[in-house]
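Working through the structure, step by step
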Amino acid sequence: MGLIELFIIAIGLSMDAFAVSICKGLSVSNVKKRHFLITGLYFGGFQALMPTIGYLLGVNFKDAIEKIDHWIGFGLLLLIGLNMIKESRECTKEMCDSFSFKAMLPLAIATSIDALAVGVTFAFLNVDIIPAVSLIGVTTFLFSAAGIKIGNIFGAKYKSRAEFAGGVVLILMGLKILLEHLGVINF
């Protein structure tokens, strides 16, 4: 898996955090630098941590399921993508304006669960995990910080579009993995 593909996956994974960041930006009237930093660190940190955990789990099971790993990768990315698209269509409740540990930790975990499954896929595809999770973490940090500003300025109209786009990207990447393995395409 090349750098461009990893970057596309990083963008797709960051869309949940981006959408939540937009809502957090909506929830505060006076955005400060610490809001950008806190949001970026929580979301970017967990988006890097979860695929690392998934990768470590996947490496232990890789030999047992190597013949179907492409189907697992496709299936996981498809399910994550479909879930993101579904969530983009649902109404969300009001976001609290707290940036405390108690408020941010559940959001960071919730927005990074999909990255855990991607980490398992990385193990099956022999992805070099350190650069991959670094790219995912930095990308999510930047998108989350931008989401705070965008939410504060523009409002909620981009939240569902961001989640929808992220879901579509992950589905397409899963399809690409499957089609490459089956020999239908070769990038």
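As shown above, the structure is provided for reference.
Now for a description of the structure that goes with this document. (Residues numbered from 1 in each chain as written. Predicted model: local features only at pLDDT ≥ 70, side-chain atom pairs only at ≥ 80, totals over all residues. Heavy atoms only, no water.)

Turning next to the packing of helix H1 (residues 3-27) against helix H5 (residues 129-154). When two helices pack together, you describe them by how their axes are tilted relative to each other and by the distance separating the axes. Closest axis-to-axis distance for the H1/H5 pair is 7 Å, and the angle between their directions is 30°. By the angle class used here, H1 and H5 are roughly parallel. Crossing hand, H1 versus H5: right-handed. Grouping the amino acids of the contact of H1 with H5 by side-chain chemistry returns 18 nonpolar, 9 polar and 1 charged. (Axes fitted to C-alpha atoms, helices over the stretch in contact; angles between N-to-C directions. Helix = DSSP H or I, 4+ residues; strand = E, 2+ residues; numbered from the N terminus. Parallel < 35°, antiparallel > 145°, perpendicular 65-115°, else oblique. Left-handed = near helix turned anticlockwise from the far one by under 90°. Nonpolar A, V, L, I, M, F, W, Y, C, P; charged D, E, K, R; others polar.)

Let us look at the side chain of Thr121. Along the chain, Thr121 turns up in helix H4 (residues 101-124). With near-sequence residues (within four places) excluded, Thr121 lies in contact with Gly73, Leu76 and Ile177. (Contact = heavy atoms within 4.5 Å.)

Turning to the nonpolar core, a few remarks are in order. Of all hydrophobic cores here, the largest spans 27 residues; its most connected members are Leu13, Val118 and Phe122. Residue assignment for this core shows that the elements contributing at least two residues are H1, helix H2 (33-61), helix H3 (69-89), H4, H5 and helix H6 (159-181). Here Phe122 is in contact with Met1, Leu6, Ile9, Tyr55, Val127, Ile129, Ala132 and Ile136, once residues within four sequence places are set aside. Formed by 12 residues, the second largest nonpolar core is a distinct cluster that contains Ala17, Phe43, Met104 and Ala108. (Core = buried A, V, L, I, M, F, W, Y, C linked by side-chain atoms within 4.5 Å. Buried < 20%, exposed > 50% of the residue type's maximum accessible area, 1.4 Å probe, protein only.)

Let us look at H1. Between its terminal C-alpha atoms H1 stretches 35 Å, which fits the 36 Å expected from 25 residues at 1.5 Å a residue. A maximum bend of about 40° is found in H1 at Met15. Burial analysis of H1 places 19 of its 25 residues in the buried class, which makes it a mostly covered element. (Expected span 1.5 Å × (residues − 1). Bend = angle between axes of the 7 residues up to and from the residue.)

Attention shifts here to the side chain of Ser21. Mapped onto the secondary structure, Ser21 falls in helix H1. Setting aside residues no more than four positions away along its own chain, Ser21 makes contact with Thr39, Phe43, Ser144, Gly147 and Ile148.

Moving on, we get to unusual backbone geometry. Backbone geometry places Asn126, a non-glycine residue, at a positive phi of 60°. Mapping Asn126 onto the fold places it in the loop between H4 and H5. By relative accessible area, Asn126 is classed as exposed at 55%.

This next bit is on the packing of H2 against H5. For the pair H2 and H5, the least separation of the axes is 7 Å and the interaxial angle reads 150°. Relative to H5, the element H2 lies roughly antiparallel. Note on packing geometry: the crossing formed by H2 with H5 is right-handed. For the contact of H2 with H5, the class distribution of residues is 13 nonpolar, 9 polar and 1 charged.

Glancing now at a nonpolar patch on the surface. Together, Leu49, Ile53, Leu57 and Phe61 line one region of the surface with nonpolar side chains, adding up to about 350 Å² of accessible area. Tracing the backbone shows Ile53 in helix H2. (Patch = residues over 30% accessible without salt bridge, like charges linked within 9 Å, V, L, I, M, F, W, Y side chains within 5 Å. Areas by Shrake-Rupley, 256 points an atom, 1.4 Å probe, with all protein chains shown as cover. Salt bridge = Lys/Arg side-chain N within 4 Å of Asp/Glu carboxyl O.)

This next bit is on the packing of aromatic side chains. On inspection of all chains with the given rule, the structure shows 1 aromatic pair. Their ring planes at 90° and their centres at 5.7 Å tell us that Phe18 and Phe143 sit as a pair that is edge-to-face. With Phe18 in helix H1 and Phe143 in helix H5, the pair connects residues that are 125 residues apart, well separated along the chain. Classification of Phe18 as buried rests on a relative accessible area of 10%. Against the face of Phe99 rests Lys24, its NZ or CZ located 4.7 Å from the ring centre. (Phe/Tyr/Trp six-rings, centres within 6.5 Å; stacked < 30°, edge-to-face > 60°. Lys NZ or Arg CZ within 6 Å of the ring centre and 35° of its normal.)

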